[in-house]
Amino acid sequence: MAELDLAWIARGGFDPAEYVTRFDGRLFAVHAKDNAPEGTAEEEGGFATLGEGVLDWDAILPAIEAADVEWYIIEHDMPLDAEAVITEGNSFLEEKLTALREE
């Protein structure tokens, strides 16, 4: 079973939405983490709160759902405000997944 960090996949030059399809039935968790626009958020390692960065969540989340992922781990490597990262990331993820699952 695999657990993927989506922000680091993107930093490695790969498309996270495509990359999750490579694990056919073997992906149990994803680290839901976002990258800030290049050259910004340097004090936070270039990471952003989930949904406030540059990753294309409208493409990524359907791919994750199609892969039957069990766990979404909201993450940020160097947050200035960890509580806000978790709270805002959870709200973003809950809103997006609820809308996606109602389609």
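Note that this is a predicted model, so its numbers are computed, not measured.

**Q** What's the story with the pattern of salt bridges in this structure? I'm lost.
**A** Between side chains of opposite charge, a pair can form as their charged atoms come close. Per the counting criterion, the structure on display carries 6 salt bridges. Linking Arg 22 and Glu 18 is a salt bridge whose minimum nitrogen-to-oxygen distance equals 3.1 Å. Given a relative accessible area of 34%, Glu 18 falls into the partly exposed group. Through salt bridges with shared partners, one network takes in Asp 5, Lys 33, Glu 75 and Asp 77.

**Q** Explain the nonpolar core to me, please; I cannot follow it from the model alone.
**A** One recurring pattern in soluble globular proteins is that nonpolar side chains are buried together. Within the largest apolar cluster, 26 residues are counted, with the highest numbers of intra-cluster contacts made by Leu 6, Leu 27, Trp 57, Leu 61 and Ile 64. Secondary structure elements with two or more residues in this core: β1 (2-5), α1 (6-11), α2 (16-19), β2 (27-32), α3 (57-66), β5 (71-74) and α4 (82-102). Ranked by residues supplied to this core, first place goes to α3 with 5 residues. Excluding its chain neighbours within four sequence positions, the residues that come into contact with Trp 57 are Leu 6, Ala 32, Lys 33, Asp 34, Leu 50, Gly 51, Pro 62 and Phe 92.

**Q** I'm lost on the pairing of β2 in this one. Help?
**A** Each regular strand carries side chains that alternate between the two faces of the sheet. Of all 6 residues in β2, 5 are buried; the element is thus mostly enclosed. Direction of pairing for β2 relative to β5: parallel, over a ladder of 4 bridges. Opposite Ala 32, over in β5, you have Ile 74 as the bridge partner.

**Q** How should the sheet that holds β2 be read in this particular structure?
**A** Spatially, β1-β2-β5 is the arrangement adopted by the 3 strands of the open sheet, whose pairing is parallel. If you trace the sheet from one side to the other, it starts and ends with β1 and β5, each paired once. The mean inter-strand angle of the sheet, taken between neighbouring strand axes irrespective of direction, is 20°. Where β1 lies against β2, 4 bridges are found, and the strand directions are parallel. The residue of β2 that forms the bridge with Leu 4 is Val 30.

**Q** Is there a simple way to think about the side chain of Asp 34 in this case?
**A** Relative to the helices and strands, Asp 34 is located in strand β3 (residues 34-35). The buried charged residue Asp 34 lacks any salt bridge, with Arg 11 as its nearest oppositely charged partner at 8.8 Å. A distance of 3.0 Å separates a polar atom in the side chain of Asp 34 from the backbone nitrogen of Gly 51. Of the polar contacts made by the side chain of Asp 34, one reaches the backbone nitrogen of Gly 53; its length is 3.0 Å. Not counting chain neighbours up to four residues away, the residues in contact with Asp 34 comprise Ala 7, Phe 47, Ala 48, Thr 49, Leu 50, Gly 51, Glu 52, Gly 53, Val 54, Leu 55 and Trp 57.

About the thresholds
Residues numbered from 1 in each chain as written. Predicted model: local features only at pLDDT ≥ 70, side-chain atom pairs only at ≥ 80, totals over all residues. Heavy atoms only, no water. Salt bridge = Lys/Arg side-chain N within 4 Å of Asp/Glu carboxyl O. Buried < 20%, exposed > 50% of the residue type's maximum accessible area, 1.4 Å probe, protein only. Core = buried A, V, L, I, M, F, W, Y, C linked by side-chain atoms within 4.5 Å. Helix = DSSP H or I, 4+ residues; strand = E, 2+ residues; numbered from the N terminus. Contact = heavy atoms within 4.5 Å. Pairing = 2+ DSSP bridges. Axes fitted to C-alpha atoms, helices over the stretch in contact; angles between N-to-C directions. Lys, Arg positive; Asp, Glu negative; His and termini not counted. Polar contact = N/O pair within 3.5 Å; in protein donor to acceptor, adjacent residues only side chain to side chain.

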